[in-house]
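Residue strings, one per chain:
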Amino acid sequence: MSSWYAIVGTDVPESLEKRLGARPAHLARLHQLRDEARLLVAGPFPAVDSPDPGPAGFTGSLIVAEFASLEHAQAWADADPYMAAGVYASVSVKPFRKVLP
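Because the structure is a prediction, the values reported are computed rather than measured.

A. Up close: the sheet that holds strand S4 (residues 88-96). Strand order in the open sheet made by the four strands is S2-S3-S1-S4, with antiparallel pairing throughout. The sheet is open, and its two edges are formed by strand S2 (39-46) and S4, each paired on a single side. Averaged over all adjacent pairs, the angle separating strand axes in this sheet is 15°, with direction ignored. Where strand S1 (residues 3-11) meets S4, eight bridges bridge the pair, whose relative direction is antiparallel. Note that in S4 the partner of Ala6 across the bridge is Lys94. In the packing of helix H1 (residues 16-35) onto the sheet, contacts are made with S1, S2, strand S3 (58-67) and S4, and the angle to S3 comes to roughly 15°. The sheet contacts of helix H2 (residues 70-78) involve S1, S3 and S4, and relative to S4 the element is tilted by about 155°.

Rules behind the numbers
Residues numbered from 1 in each chain as written. Predicted model: local features only at pLDDT ≥ 70, side-chain atom pairs only at ≥ 80, totals over all residues. Heavy atoms only, no water. Pairing = 2+ DSSP bridges. Helix = DSSP H or I, 4+ residues; strand = E, 2+ residues; numbered from the N terminus. Axes fitted to C-alpha atoms, helices over the stretch in contact; angles between N-to-C directions. Contact = heavy atoms within 4.5 Å.

Below, the structure written as structure tokens:
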């Protein structure tokens, strides 16, 4: 039985260039979760209150997806291209309980 997990990545300062370089590979993994009907939501945290933060970039990302266990979710997060590219300073993976909607 699978459960939902929240993955919160926190960017290093000045991460925009690294983020843009790794974005295609990062999105490909998210598309795979979506295609498997395992993705609830995913997106970045803009550094400023704007849909397009421009050069201000982003401060991190949120992914809520379904995995077999916390260990599987952590392993998936650890293998994210943003980790390999040095975009994320840290990643937190926690069980998530969807209540609404």
